[in-house]
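Overview (structure and organization)
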Amino acid sequence: MKNILITGGTGFIGSHICLVLLNKGYEITIVDSLINSSPVVIERLKEFCKSGEKNVNRINFEKGDLRNQDFLSSLFETYYKKGLKFDAVLHLAGLKSVKESTQEPLKYWDYNLIGTINLLKIMGEYRCTNLVFSSSATIYGSKKDNTLIDEYSLINPINAYGYTKATIERILEDLSKTKNQKWRIASLRYFNPVGAHYSGRIGENPLDNPNNILPIITKVAAGLIDELKIFGNDWDTPDGTGIRDYIHVMDLAEGHLISLEKILNNEFKFIKLNLGTAKGTSVLELIKTFEKVNKVKVPYRYCLRRDGDVAYSVADNSLAKSILNWIPKRDLEEMCRDSWNWYKNNPKGF
Ligand code: NAD
Ligand code: UDP
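**As for the overall build of the protein chain**
Scanning the protein chain from terminus to terminus reveals 11 helices and 14 strands. Rg of the C-alpha trace for the protein chain: 20 Å, near the compact-globule value of 20 Å for 350 residues, within the 12% margin. Taken over the C-alpha atoms alone, the protein chain extends approximately 60 × 45 × 40 Å along its principal axes. Relative to its 350 residues, the protein chain shows a buried fraction of 56%. Expressed as a percentage of contacts within the protein chain between residues at least 6 apart in sequence, the contacts between residues at least 24 apart total 82%. Carbon together with sulfur atoms contributes 50% to the accessible area of the protein chain, which is approximately 15900 Å² in total.

**Here we look at the site of ligand 2**
Not every one of the 15 residues close to ligand 2 is listed here, only the nearest: Ile213, Lys229, Arg244, Arg306 and Asp309. Here an oxygen atom of ligand 2 and a backbone polar atom of phenylalanine 231 are 2.9 Å apart. Side-chain polar atom of aspartate 309 to an oxygen atom of ligand 2: 2.5 Å apart, as the coordinates give it. Compared with its free state, where it exposes 510 Å², ligand 2 has 88% of that area covered by protein. Those elements that provide at least two residues to the shell around ligand 2 are helix 7 (213-221) and strand 8 (228-231). Of all the elements, strand 8 adds the most residues to the shell around ligand 2, at four residues. Across the shell around ligand 2, the residue classes tally to seven nonpolar, four polar and four charged.

**Quick look at the sheet that holds strand 4 (residues 88-91)**
One open sheet accounts for seven strands, arranged 3-2-1-4-5-6-11; its pairing is parallel. Of all strands in the sheet, those with a lone pairing partner are strand 3 (59-63) and strand 11 (270-275), marking the two edges. Pairwise comparison of adjacent strand axes, ignoring direction, gives a mean angle of 20 degrees for this sheet. Here strand 1 (residues 3-7) runs beside strand 4; their pairing, made up of four bridges, is parallel. Its bridge partner lying in strand 4, isoleucine 4 is registered against alanine 88. Sitting on the sheet, helix 5 (residues 105-125) is in contact with strand 1, strand 4 and strand 5 (130-136), with an inclination near 175 degrees to strand 4.

**Points about unusual backbone geometry**
With phi around 65 degrees, leucine 34 is a residue other than glycine that occupies positive phi space. On the secondary structure map, leucine 34 appears in the loop between strand 2 (27-32) and helix 2 (40-50). When its relative accessible area of 16% is taken as the criterion, leucine 34 is described as buried. Even without glycine at this site, asparagine 325 takes up a positive phi of about 55 degrees.

**Details of helix 3 (residues 69-81)**
Taking 1.5 Å as the rise per residue, helix 3 with 13 residues should run 18 Å; its terminal C-alpha atoms sit 18 Å apart, in good agreement. Inspection of helix 3 places Phe71, Leu72, Leu75, Phe76 and Tyr79 among the buried residues, and these make up the whole buried set. Along the axis of helix 3, the buried positions cluster into a sector of 125 degrees, meaning they face one direction only. Summarising the geometry of helix 3, the exposed residues directed more than 90 degrees from the buried face are Asp70, Tyr80 and Lys81. Looking at the buried positions of helix 3, the neighbouring elements they touch are strand 1, strand 2, strand 3 and helix 5. Structurally, the start of helix 3 carries an N-cap: the backbone nitrogen of aspartate 70 is 3.1 Å from a side-chain oxygen of asparagine 68. Two residues or fewer past helix 3, glycine 83 is found with a positive phi of approximately 80 degrees.

**Describing the site of ligand 1**
Contacts to ligand 1 come from 27 residues, most closely from Asp32, Asn36, Ser37, Leu92 and Tyr161. Within the backbone of phenylalanine 12, an N or O atom sits 2.9 Å from an oxygen atom of ligand 1. Burial of ligand 1 by the protein chains amounts to 96% of its free accessible area of 820 Å². Looking at the shell around ligand 1, the elements with two or more residues in it are helix 1 (12-23), strand 5 and helix 6 (160-176). Among the elements that line the shell around ligand 1, the one with the most residues is strand 5, at three residues. Among the residues forming the shell around ligand 1, the class breakdown is 12 nonpolar, 11 polar and four charged.

**Here's the deal with the pattern of salt bridges**
Scanning the model with the defined rule gives 23 salt bridges in all. One salt bridge connects arginine 67 with aspartate 110, and the closest N-O pair in it is separated by 2.8 Å. Placement of the pair is arginine 67 in the loop between strand 3 and helix 3 and aspartate 110 in helix 5, with a sequence separation of 43 residues. The exposure class of arginine 67 is partly exposed, given its relative accessible area of 28%. A residue is classified by how much of its surface remains accessible, and aspartate 110, at 30% relative accessible area, is partly exposed.

**Details of the sheet that holds strand 14 (residues 312-313)**
Taking strand neighbours across the sheet as the criterion, the three strands line up as 12-9-14 in an open arrangement whose pairing is mixed. Only two strands of the sheet have a single neighbouring strand rather than two, namely strand 12 (281-282) and strand 14. Here strand 9 (residues 243-244) runs beside strand 12; their pairing, made up of two bridges, is antiparallel. Paired with isoleucine 243 across the strands is serine 282, a residue of strand 12.

Definitions and limits used
Residues numbered from 1 in each chain as written. Chains lettered and ligands numbered in written order. Predicted model: local features only at pLDDT ≥ 70, side-chain atom pairs only at ≥ 80, totals over all residues. Heavy atoms only, no water. Helix = DSSP H or I, 4+ residues; strand = E, 2+ residues; numbered from the N terminus. Rg over C-alpha atoms; globule rule 2.2 N^0.38 Å. Buried < 20%, exposed > 50% of the residue type's maximum accessible area, 1.4 Å probe, protein only. Contact = heavy atoms within 4.5 Å. Areas by Shrake-Rupley, 256 points an atom, 1.4 Å probe, with all protein chains shown as cover. Near = heavy atom within 4 Å. Polar contact = N/O pair within 3.5 Å; in protein donor to acceptor, adjacent residues only side chain to side chain. Nonpolar A, V, L, I, M, F, W, Y, C, P; charged D, E, K, R; others polar. Pairing = 2+ DSSP bridges. Axes fitted to C-alpha atoms, helices over the stretch in contact; angles between N-to-C directions. Expected span 1.5 Å × (residues − 1). Arc of directions from axis to C-beta. Salt bridge = Lys/Arg side-chain N within 4 Å of Asp/Glu carboxyl O.

And the structure:
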């Protein structure tokens, strides 16, 4: 049984990845400081094990911060001595608010970069050199011509958050070229992850006020916020609102599983892949779909553009499709339905 370490495993995306890995029979060890997640996630994951949905084995949870080197050393040593060494790491832990990163850049470099360097060092020491890293579409520069973004597009982040991700990718590339260590790395560049597991037992649970559009739409639909502020209706897009590539979090999680297994099979040294659907959706289209599938109203009002936004960000996902043999299966209606189902079942979060 392989033991996979998942940093940030109680977070939104991490919790769905944990479920997919458990269903595939892996043992998992979650490390999370809980700065933006709840320990209830662990109980929910255990429920899936108990209900016997699939052949589920063990879940280990260690509360801790990746910036703490002593914590990481003792974690790796303890699991090594128990005969539970980590076969691979899925590294999701980090901060992700673009807005906050522009206000507190040092915090972002500290959490995202220092945390990652500590992790990579200890992985090297224990010869655990299989890694899947959570990167982001924010590393790409904005394109003037509203065309799909492929992996060769210009890397040109416009905020501290994006720079931390681009810098980590650079470090990973350097590591992958070292001769004395056998690193196998996949850096997955997510576009706009939304949705939730269809059961409504796990989902997105930001501890602070949400900045991303889907959690805000659910709050508006629930009457907790009066209206959605649409950031600009004068973009160079057919209806004037921003276009994004929304991807169901379960499709994203399945992309991680396949990447992990390819790494464990030694199939590549270092790969950077877009995980998106290649389909663009405007803010207005998203609202209309959410209203239609959930039979709710989402009042909105046009406001000024948000700083740092771009008109259009949609993935060319052909590389991920061919290399991973992965196809995102869930459409926008399913994303909207599952987000609302998660909210209705957990109006106060976990
Ligand atoms: P999330 O905040 O729900 O999950 C991140 C988890 O990491 C949280 O549980 C948090 O408590 C934990 N964490 C943060 N710093 C830590 C530290 N120093 N030590 C230990 N734990 C720490 O976010 P998410 O949406 O699940 O995102 C997961 C990853 O995917 C992040 O790296 C994020 O940058 C990346 N990503 C997310 C999106 C998105 O829109 N959600 C898009 C692109 C990339
Ligand atoms: N958006 C909006 N109102 C909000 C939040 C987001 O109009 O309250 C728009 C935003 O301008 C962008 C899209 O929704 O066009 C997706 O924004 P989000 O913050 O979810 O993702 P990102 O900007 O990181 O792609």
